[in-house]
Amino acid sequence: MSPAATNPVPIPDGRVLAGIRATSDQHIGNYLGAIQNFVDLQERFECIYSIVDLHSLTTLEETAELAANVHETALILLAAGIDPARSILYVQSHVPEISELHLLLSMVVPNGWLLRVPTFKEKAREQPDNVNYGLVGYPVLQTADIVMYKATHVPVGQDQLAHLELAREIVRRFNRHFGETFPEPRPELTEAPLVMGLDGARKMSKSLGNHISIAGDEAATAKRVRSAVTDPKRARRNDPGRPEVCNVYALHEFFDPEERPRIYEQCTSAGIGCVDCKDMLAGAINERFRELRARRDDLAAKPETVRAILADGADRARAIAGEVLREVQERMGLPPTQTSR
Ligand code: TRP
Ligand code: SF4
């Protein structure tokens with residue numbers, strides 16, 4: 001039998017944990033699919049948002065820029081409306097309890113579970129020379145992110161469902177071995193529209209270079225949008241277009257839905273050209289992000305303020321994490337730490 005916990009940390013009613021990967025260039029796919037939802041969830045839950053820098057190390061990509069990318073991601077999240085007075089926003093590596101919990105959880109995770117994960121298999125194919133131990137443990141680290149706070153809800157898109165299912169399995173196995181400790185985290189599915197990239201063929205993603213940045217000035221946005229692939233059969237201005245196969249049309253849905261019927265009509269009757277249509281889209285995107293961008297630029301001029309927000313977030317996160325870690329250590333039979341006082 002495992003030791004009981006003398007002082008278990010209560011399971012919260014509704015606590016959200018979301019992890020977001022740091023990149024130099026958060027794009028509108030991330031915004032519509034995740035960030036906007038993070039902001040809204042603050043109305044319904046106690047929310048903890050983690051910028052997951054350790055996860056970035058599993059691919060050893062852009063480590064020289066990692067700190068800068070974390071900072072940029074924090075700017076975007078804050079400018080989008082993550083409110084540090086209500087929610088906790090912090091950087092994963094600033095809460096070392098997560099790394100320890102990751103190690104402890106690893107003891108209850110069969111290798112077979114991890115080797116079957118689709119994202120692992122994909123990465124192993126992509127980087128055959130660096131199929132490292134951390135990469136295999138990626139979902140265990142993700143589980144530690146979540147259960148560190150006994151989080152009950154995790155906002156994810158379809159692509160993360162396998163990771164979340166694994167987290168639930170790890171929780172069940174841990175609880176079976178060591179007593180009811182963690183709630184099974186539930187996916188809070190975003191009505192995440194699948195935002196296609198400028199190539200119109202693949203999901204918008206920074207690594208594919210087919211993205212439209214959230215930050216960035218209006219002229220740059222317009223230029224990016226002009227480069228979008230449209231209906232390939234619409235070779236000349238006078239050819240009617242087919243909005244249903246055009247990604248620019250799909251993007252209008254997110255940024256100016258009221259205009260869509262008119263665009264449909266004008267595209268199919270060759271009333272507008274693609275350049276006009278794209279400029280309208282760029283205008284709508286620029287309008288949507290105007291205030292966010294101004295707030296981002298303000299914050300970018302005050303790096304100390306942002307660092308202080310993240311430091312405060314880490315302190316608040318560690319206050320919870322420390323208690324949960326103590327409970328886990330005790331349940332797993334580790335001897336209590338002696339304090340020298
Ligand atoms: N794996 C997630 C992604 O690629 C990021 C992530 C890390 C995460 N830890 C998390 C998401 C915890 C939700 C909860 O997007
Ligand atoms: Fe697409 Fe607009 Fe061109 Fe029609 S007019 S093909 S909707 S970009």
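Everything here concerns the structure above.
Since we're looking at a predicted model, the values are computed, not measured.

## Some points on the pattern of salt bridges
Scanning all chains against the criterion turns up 26 salt bridges. The partner of Arg-296 in a salt bridge is Glu-72, and the shortest N-O contact between them spans 2.8 Å. In this pair, Arg-296 is assigned in helix α13 (residues 274-300) and Glu-72 in helix α3 (residues 66-80), connecting sequence segments 224 residues apart. The class of Glu-72 is buried, set by a relative accessible area of 14%. Arg-296 is the partner of Asp-297 in a salt bridge, and the nearest nitrogen-oxygen pair spans 2.8 Å. Judged by its relative accessible area of 47%, Asp-297 falls in the partly exposed class. Assessed through its relative accessible area of 15%, Arg-296 is described here as buried. Because the salt bridges share partners, they merge into one network encompassing Glu-165, Arg-168, Arg-172 and Glu-184.

## Considerations on the environment of Gly-112
Here Gly-112 lies in helix α5 (residues 111-115). With relative accessibility at 33%, the residue Gly-112 sits in the partly exposed group. Spatially, the C-alpha atom of Gly-112 lies 33 Å from that of Thr-6, the residues being 106 residues apart in sequence.

## Considering the site of ligand 2
By nearness alone, every residue bordering ligand 2 is listed as Thr-230, Asp-231, Arg-234, Cys-246, Val-248, Tyr-249, Cys-267, Cys-274 and Cys-277. Looking at the shell around ligand 2, the elements with two or more residues in it are α11 (247-255) and α13. Of the residues contributing to the shell around ligand 2, the split by class is six nonpolar, one polar and two charged.

## Observations concerning the site of ligand 1
Near ligand 1 the following residues occur: Leu-17, Gly-19, Arg-21, Val-52, His-55, Tyr-138, Gln-142, Asp-145, Ile-146, Val-154 and Gln-160. Here a nitrogen atom of ligand 1 and a side-chain polar atom of Tyr-138 are 2.8 Å apart. Notes on ligand 1: free accessible area 370 Å², of which the protein chains cover 88%. Tallying contributions element by element places helix α8 (residues 138-147) first for the shell around ligand 1, with four residues. Across the shell around ligand 1, the residue classes break down as five nonpolar, four polar and two charged.

## Here's the deal with the packing of aromatic side chains
How two aromatic rings sit relative to each other is set out by the distance from centre to centre and by the angle between their planes. One pass over the full model with this rule turns up seven aromatic pairs. Ring centres of Tyr-31 and Phe-289 lie 4.9 Å apart, and the angle between their planes is 90°; on these two criteria the pair is classed as edge-to-face. Placement of the pair is Tyr-31 in helix α1 (residues 28-41) and Phe-289 in helix α13, with a sequence separation of 258 residues. For the residue pair Tyr-31 and Phe-289, the accessibility class agrees, reading buried in each case. Their ring planes at 70° and their centres at 6.0 Å tell us that Tyr-90 and Tyr-149 sit as a pair that is edge-to-face. Here Tyr-90, found in strand β3 (residues 88-91), pairs with Tyr-149, found in the loop between α8 and β4 (153-156); they are 59 residues apart in sequence, far enough to count as distant. The exposure class of Tyr-149 is buried, given its relative accessible area of 0%. Members of the aromatic cluster, each reached through a chain of ring pairs, are Tyr-31, Phe-255 and Phe-289. Geometry around Tyr-249 places Arg-260 over its ring, the cationic atom sitting 4.1 Å from the centre.

Criteria and thresholds
- Residues numbered from 1 in each chain as written.
- Chains lettered and ligands numbered in written order.
- Predicted model: local features only at pLDDT ≥ 70, side-chain atom pairs only at ≥ 80, totals over all residues.
- Heavy atoms only, no water.
- Salt bridge = Lys/Arg side-chain N within 4 Å of Asp/Glu carboxyl O.
- Helix = DSSP H or I, 4+ residues; strand = E, 2+ residues; numbered from the N terminus.
- Buried < 20%, exposed > 50% of the residue type's maximum accessible area, 1.4 Å probe, protein only.
- Near = heavy atom within 4 Å.
- Nonpolar A, V, L, I, M, F, W, Y, C, P; charged D, E, K, R; others polar.
- Polar contact = N/O pair within 3.5 Å; in protein donor to acceptor, adjacent residues only side chain to side chain.
- Areas by Shrake-Rupley, 256 points an atom, 1.4 Å probe, with all protein chains shown as cover.
- Phe/Tyr/Trp six-rings, centres within 6.5 Å; stacked < 30°, edge-to-face > 60°.
- Lys NZ or Arg CZ within 6 Å of the ring centre and 35° of its normal.

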